[in-house]
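In case you want the letters, here they are:
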Amino acid sequence: RKVSKILALTAVSSMLAIGSAFAAPITIKFAHVVAENTPKGQAANKFRDLVAERMGDKVVVEVFPNSQLFGDDTVLEAMALGDVQLAAPSLSKFDRYTKSLQLYDLPFLFNDMAAAERFQQSEVGNELLMSMADKGLIGLGYIHNGLKQISAHKPLRVPEDAKGLKFRIQASNVLAAQFDALGAMPLKKPFSEVFTLLQTKAIDGQENTWSNMYSQKFFEVQPYITESDHGLIDYLVVTSTEFWEGLPEDLRPEIKKALDDGIAFGNDVAAEKENSDKQRIIDSGRSEVITLTPEQRALWVEAMKPVWQKFEEEIGKDLIDAAYAANQ
Ligand code: LMR
């Protein structure tokens, strides 16, 4: 009897050993819409590589760039269903979930990326990461891209030049109001469709960062880009509360650390690309970059200003004041 007991115990313990040695690693699918040679693309890949290096036997990150798995219009529903665990839509794409993040779309809110960084790292900026907690979504951090420029098939120097033109925008009511204020026609379209819409002249223009215009080749089908720096494209890395809280206690901080390191890497890429991708576009000779005079710029600020009033109540005046104060 003793022998059979020992045998049974041995069998159980070796099954447990086999079980843990061969336990399938946790898979984290990270879906995004941009190319790999962009700040977000690089942040995601770095995160994947760091996880492989530091805990590859326990966790595997799979990155799906270029809207391969989901577009930003479907990714959050997919997350709720558990079909994807991480995404990083631009801050402009959450207005169905929270009104607070609309803050980031206010035109001419931040003078430069340093101001955006100061605000995001402030207490208030940090609190915004949890603004969708009631919807089961947690923000794990911000990734920078950069300031937006406006491209079109004709030169835009003053706001009147944009009147009557069709512009593709991200799915954001604030951005719709911004183009309404110019007397233009905003159209909410997925990122993956923008190049074709521009190429076929179904739309006249769009607004985006230098790295997105370069990596998506928008500059090849838009002969003019106005250097307006009028808005921000940054990202919120999101996961579902259910997934995040379901992770083993010992792995969660390690995964978060790898993500933070990936984000820091992506942010360095963002800072570098603001200049280098702009220069690549200029060097291509395909698109003329229009520099505004201070007087012309003031006219754009003036024309877009009513958007602030329009959304002040939804966003909250205190929040707007806190963000604006980051300009110092
Ligand atoms: C866009 O839709 O233009 C951007 O949000 C794409 C991105 O993720 O940078």
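- Going by what an unreviewed UniProt entry lists, the protein is known as C4-dicarboxylate ABC transporter and is assigned to Desulfofustis limnaeus.
- For the protein, the Sequence similarities (unreviewed entry) comment in UniProt is given as "Belongs to the bacterial solute-binding protein 7 family."

1. Brief notes about the overall build of the protein
- A count of helical and extended segments in the protein gives 13 helices and eleven strands.
- Seen along its three principal axes, the alpha-carbon backbone of the protein occupies a region of about 95 × 45 × 30 Å.
- Within the protein, buried positions represent 42% of all 328 residues.
- Nonlocal contacts in the protein, meaning residues at least 24 apart in sequence, comprise 79% of its contacts between residues at least 6 apart.

2. A short note on the site of the ligand
- Around the ligand sit V33, V34, S90, N145, Q170, F191, N208, N212 and I233, and those are all the residues in its vicinity.
- Considering only residue class, the shell around the ligand consists of four nonpolar, five polar and no charged.

3. Some remarks on the sheet that holds strand 9 (residues 224-227)
- The sheet built from six strands is open, its strands ordered 7-6-8-5-9-11 with mixed pairing. Looking at the sheet topology across the chains shown, the edges are occupied by strand 7 (185-188) and strand 11 (288-291). On average, each strand axis in the sheet is tilted by 30° relative to the strand beside it, whichever way the strands run.

4. Some details on the nonpolar core
- Of all hydrophobic cores here, the largest spans 80 residues; its most connected members are F47, A87, L236 and V237.
- Among the elements that make up this core, the one with the highest residue count is strand 10 (residues 232-240) (six residues).
- When neighbours within four sequence positions are excluded, F47 is seen to be in contact with V61, A258, L259 and G262.

5. Digging into helix 10 (residues 252-284)
- End to end, helix 10 covers 45 Å across 33 residues, agreeing with the expected 48 Å (1.5 Å per residue, within 8%).
- Positive phi shows up at G285, right after helix 10, with a value of about 70°.

6. Brief notes about the environment of A322
- Relative to the elements of secondary structure, A322 occurs in helix 13 (residues 317-325).
- Given 17 C-beta atoms within a 10 Å radius, A322 is considered partly exposed.
- Along the primary structure A322 and Q279 are separated by 43 residues, whereas in three dimensions their C-alpha atoms are 33 Å apart.

7. Some details on the packing of helix 2 (residues 39-55) against helix 10
- Between helix 2 and helix 10, whose axes approach to 7 Å, the crossing angle comes to 145°. When you trace helix 2 past helix 10, the crossing you get is right-handed.
- Of the residues in the contact of helix 2 with helix 10, the class split is 14 nonpolar, four polar and six charged.

8. Comments concerning the pairing of strand 5 (residues 149-152)
- On strand 5, burial covers both faces: Q149 and S151 on one face and I150 and A152 on the other are all buried.
- One ladder, built from three bridges, connects strand 5 with strand 9; its direction is antiparallel. Among the inter-strand pairings, I150 is bridged to a residue of strand 9, identified as T226.

9. Overview of the environment of A152
- By secondary structure assignment, the location of A152 is in strand 5.
- Classification of A152 as buried rests on a count of 24 C-beta atoms within 10 Å.
- In the structure, A152 is positioned 54 residues away from T98 in sequence and 31 Å away in space, judged by C-alpha atoms.
- Other than its neighbours up to four places away in sequence, A152 contacts L165, D204, G205, Q222 and Y224.

10. Section: the packing of helix 6 (residues 173-181) against helix 12 (residues 306-315)
- Running from N to C, helix 6 and helix 12 point in directions that differ by 145°, and their axes come no closer than 9 Å. By crossing handedness, the relation of helix 6 to helix 12 is classed as right-handed. Across the interface between the two elements, V174, A177, Q178 and A181 of helix 6 pack against P306, V307, K310 and F311 of helix 12.
- Class assignment for the residues of the contact of helix 6 with helix 12 results in six nonpolar, one polar and one charged.

About the cut-offs
Residues numbered from 1 in each chain as written. Predicted model: local features only at pLDDT ≥ 70, side-chain atom pairs only at ≥ 80, totals over all residues. UniProt positions renumbered as here; feature names shortened; annotations may be inferred. Helix = DSSP H or I, 4+ residues; strand = E, 2+ residues; numbered from the N terminus. Buried ≥ 20, exposed ≤ 12 C-beta atoms within 10 Å, placed from the backbone. Contact = placed C-beta atoms within 7 Å. Near = placed C-beta within 6 Å. Nonpolar A, V, L, I, M, F, W, Y, C, P; charged D, E, K, R; others polar. Pairing = 2+ DSSP bridges. Axes fitted to C-alpha atoms, helices over the stretch in contact; angles between N-to-C directions. Core = buried A, V, L, I, M, F, W, Y, C linked by C-beta atoms within 7 Å. Expected span 1.5 Å × (residues − 1). Left-handed = near helix turned anticlockwise from the far one by under 90°.

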